[in-house]
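# Remarks on the overall topology
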Amino acid sequence: MPASAIELEVDGMSCASCVGRVEKALKAVPGVTEATVNLATERAFVSGVAGIEALVAAIGKAGYDAHTINTGVQADDEASSKKDAERAELKRDLFLAIVLALPVFVLEMGSHMIPGMHEWIEATIGMQNSWYVQFVLTMLVLAIPGRRFYQKGFPALVRLAPDMNSLVAVGTAAAFGYSVVATFAPGLLPDGTVNVYYEAAAVIVALILLGRFLEARAKGRTSEAIKRLIKLQAKVAHIVRDGNIVDIPINEVALGDIVEVRPGERVPIDGEVTDGRSFVDESMLTGEPIPVEKKAGSAVVGGTVNQKGALTLRATAVGGQTMLAQIIRLVEQAQGSKLPIQAVVDKVTLWFVPAVMLAALLTFLVWLVFGPSPALSFALVNAVAVLIIACPCAMGLATPTSIMVGTGRGAEMGVLFRKGEALQLLKDAKVVAVDKTGTLTEGRPVLTDLEMADGFERSQVLAAVATVESRSEHPIARAVVEAAEAEGIVLPSMTDFDSVTGMGVRATVEGVRVQVGADRYMRELGIDIDVFSSTAARLGDEGKSPLYAAIDGRLAAIIAVADPIKASTPGAIQALHQLGLKVAMITGDNARTAQAIARQLGIDEVVAEVLPEGKVEAVRRLKATYGQLAFVGDGINDAPALAEADVGLAIGSGTDVAVESADVVLMSGNLQGIPNAIALSQATLGNIRQNLFWAFAYNTALIPVAAGVLYPAWGVLLSPIFAAGAMALSSVFVLGNALRLRRFQPPLATSDSVHMAG
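Since this is a predicted model, take the numbers as computed values, not measurements.

Attention shifts here to the overall build of the protein chain. Scanning the protein chain from N- to C-terminus turns up 29 helices and 26 strands. Buried positions account for 54% of the 758 residues belonging to the protein chain. Looking at the protein chain as shown, the accessible area adds up to about 32,400 Å², and 58% of this sits on carbon and sulfur atoms.

Okay, structure coming up:
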């Protein structure tokens with residue numbers, strides 16, 4: 001049986017320990033050669049000869065649900081609706097947990113922290129009644145919004161594979177159970193230990209749900225790029241059948257069908273032009289802004305946009321074989337193969353959770369065997385203290401709060417982080433690869449050069465050339481006309497317009513013959529262009545193709561139209577070099593133009609004349625050569641490369657698909673946002689490390705105290721109430737430290753930051 005690649009959707013994973021267990025279960029199935037699980041996309045990729053049923057069963061045995069992935073627009077909508085429903089449920093549970101936990105927290109912690117509140121509660125409802133109220137509210141928190149932790153945590157515990165859910169479940173259940181005993185059977189507890197810890201159980205659930213909700217929101221957009229790409233596909237094709245034109249759904253088009261494409265329509269399939277002539281906007285494929293002329297024999301690609309002419313095509317690729325379908329697959333594969341950045345919390349979870357469980361169990365057993373009377377009560381109290389002090393509130397908050405504040409500060413600077421992982425990866429970038437068109441350049445052709453021959457005036461020549469070009473559909477012609485309009489030139493009347501195939505255009509403007517075209521056209525007309533030889537050489541070095549204008553049989557001007565470099569680009573490239581980064585340019589443009597721009601900007605490496613598959617391959621090669629790679633692009637054709645890169649940065653003015661495929665969006669297209677984003681990444685990761693150090697160091701230091709190691713020498717025990725207080729303090733510290741990121745100052749002032757702030 002031949003080896004194959006199977007992709008499965010896995011439900012129920014919540015942390016890195018889940019990923020590890022699913023991978024382990026899959027690799028244990030006979031016939032599996034490789035298995036990788038992506039937490040961000042919630043998908044498993046399996047290579048080998050194992051059957052789907054065996055893989056699904058193995059994942060089920062590990063405690064998770066798996067199923068095959070349907071494709072197509074409808075399936076994509078269903079998956080999106082399912083995720084939206086999950087996020088809505090999480091949001092509802094979080095709101096309910098906060099509403100129920102807040103009064104519990106105020107009643108219990110207020111009586112310990114606010115002077116006079118204990119007496120006020122005692123004098124009004126009474127402390128015992130206060131405990132009854134807390135019992136009811138906490139039971140509701142645990143039974144409704146907190147139910148998910150018990151449904152997943154206890155079965156994982158039974159399988160001897162505890163995760164974060166298990167620790168939350170055991171910690172909250174222990175705190176709640178202890179509090180129930182203190183409320184309804186206080187005689188079972190030793191003197192001085194009759195306290196309730198309802199607020200710990202309730203607040204833990206609320207805080208962990210907050211972390212889960214933030215994570216779900218950040219993770220929820222992974223399929224947006226795919227959805228937008230699918231939307232580029234035309235829904236209907238005009239097919240010629242028996243001499244009549246019939247509209248049929250796109251998935252019913254067969255190879256060899258004759259398809260009509262009307263002006264302004266999207267091309268429905270890959271095909272070859274059999275009749276008609278038009279310009280087609282292929283920027284979604286090549287990234288280049290200038291539409292390409294199509295005539296009989298030309299190849300066209302599905303998803304591109306026909307301009308003004310009508311075309312008749314013969315279908316050469318349909319369905320999953322079209323270029324657009326291949327781009328969609330490239331994005332899916334790149335997103336799926338990119339392993340999730342496992343946050344330090346999740347990495348440590350694999351040993352931390354079982355270690356805490358073991359510590360609590362050992363604490364219980366040691367006090368039970370060696371403790372003073374009443375040994376059982378001491379054993380219970382100290383084991384509960386260990387579980388409460390170790391409960392991962394601060395750990396759960398350490399990463400999402402820093403990411404939330406860091407990404408918020410980034411947005412103010414014009415740098416939008418779509419995925420938290422980008423913050424972790426961006427600081428380690430060794431090379432920045434950039435797309436050319438729309439990223440380094442403006443993304444649209446403009447008149448860049450117009451040099452006069454002796455005896456001619458600029459306004460006169462521009463008026464004459466723009467008048468002739470106004471009859472042409474070519475984008476270069478439009479750039480000349482727009483330049484004339486921008487200078488307020490009124491175009492005179494014209495007669496005898498003619499397009500000379502492969503040469504240029506000519507017409508009579510106010511009685512004077514005007515001819516515009518390439519050097520070969522001028523030579524055919526017998527006009528000497530040597531006077532502009534040095535200018536033509538310079539334009540060639542800059543990657544521009546010069547055109548010439550002749551008026552009344554005399555050479556009048558040399559003209560060049562190009563896609564100009566953005567004003568902010570040179571400073572951004574220089575700033576990246578100062579950060580010690582290599583800069584590479586990957587473009588679908590011709591090598592000469594690309595090399596010319598690279599020379600102007602001091603770019604280290606150029607990869608030119610590449611299609612989307614080539615861009616992905618170029619990204620892989622650059623990663624292998626230099627290490628961690630950030631890719632900057634703006635077109636749909638950049639989507640696979642953005643997904644393949646360690647960090648993808650999209651120009652905000654680019655297409656929606658590029659933006660959705662990216663990890664980071666530079667809102668107004670200012671490339672100086674890249675060094676700012678890297679600096680913010682470094683600051684945020686430093687902040688996360690501080691938070692995690694506090695959370696883990698505090699846990700590591702206080703677990704032994706909670707277990708009672710100080711009792712033999714000094715008689716010191718850590719009451720669960722102080723454990724709960726310390727836990728709350730830890731969370732407050734983490735939040736406070738994360739908020740410091742709001743004062744982060746970018747190393748380069750950009751127009752973005754001024755705009756966002758003002």
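A few words now on the packing of aromatic side chains. Following the criterion strictly, the structure yields nine aromatic pairs and no others. An aromatic cluster is defined as three or more aromatic residues linked by ring pairs; in this entry it consists of Tyr132, Phe135, Phe176, Phe184 and Tyr198.

This paragraph deals with the UniProt feature "transmembrane region" (unreviewed entry) in the protein chain. Cross-referencing UniProt, the feature "transmembrane region" (unreviewed entry) maps to residues 94–114, 129–146, 167–189, 195–214, 348–370, 376–399, 692–711 and 717–739 in the present numbering. From the first C-alpha to the last, residues 167–189 spans 24 Å; its make-up is 78% helix and 0% strand.

Attention now goes to the sheet that holds strand S20 (residues 547–551). If you walk across this open sheet you meet the six strands as S16-S21-S20-S19-S18-S17, and the pairing is antiparallel. If you trace the sheet from one side to the other, it starts and ends with strand S16 (446–452) and strand S17 (494–500), each paired once. Strand-to-strand twist in this sheet, taken as the mean axis angle between neighbours without regard to direction, amounts to 20 degrees. Pairing geometry for S20 and strand S21 (residues 554–562), over five bridges, is antiparallel. Bridge pairing in S21 places alanine 549 opposite alanine 557.

A few words now on the side chain of threonine 569. Looking at where threonine 569 falls in the secondary structure, it is placed in helix H21 (residues 569–578). Threonine 569 sits in the buried class, given a relative accessible area of 0%. Those residues within four positions of threonine 569 in sequence are excluded, and the remaining contacts are Thr439, Leu440, Leu601 and Leu671.

Once that is clear, we can look at the pattern of salt bridges. Applying the stated criterion across every chain, the model contains 17 salt bridges. Lysine 544 is paired through a salt bridge with aspartate 449; the nearest N and O atoms lie 2.8 Å apart. Taken as a pair, lysine 544 in the loop between helix H20 (533–541) and S20 and aspartate 449 in strand S16 lie far apart in primary sequence, 95 residues in all. The same class applies to lysine 544 and to aspartate 449, which are both buried. Salt bridges sharing partners connect three or more residues here, namely Glu617, Arg620, Lys623 and Glu644.

Overall, mixed pairing links the seven strands, which are arranged S14-S26-S25-S24-S15-S22-S23 in an open sheet. Every other strand in the sheet has two partners, leaving strand S14 (415–417) and strand S23 (605–607) as the edge strands with one partner each. Direction aside, neighbouring strands of the sheet carry axes that sit 20 degrees apart on average. Sheet analysis places strand S25 (residues 647–651) next to strand S26 (residues 664–666), joined by three bridges and oriented parallel. Each residue of the ladder has a partner; that of leucine 649, found in S26, is valine 664.

Rules of the game
- Residues numbered from 1 in each chain as written.
- Predicted model: local features only at pLDDT ≥ 70, side-chain atom pairs only at ≥ 80, totals over all residues.
- Heavy atoms only, no water.
- Helix = DSSP H or I, 4+ residues; strand = E, 2+ residues; numbered from the N terminus.
- Buried < 20%, exposed > 50% of the residue type's maximum accessible area, 1.4 Å probe, protein only.
- Areas by Shrake-Rupley, 256 points an atom, 1.4 Å probe, with all protein chains shown as cover.
- Phe/Tyr/Trp six-rings, centres within 6.5 Å; stacked < 30°, edge-to-face > 60°.
- UniProt positions renumbered as here; feature names shortened; annotations may be inferred.
- Pairing = 2+ DSSP bridges.
- Axes fitted to C-alpha atoms, helices over the stretch in contact; angles between N-to-C directions.
- Contact = heavy atoms within 4.5 Å.
- Salt bridge = Lys/Arg side-chain N within 4 Å of Asp/Glu carboxyl O.

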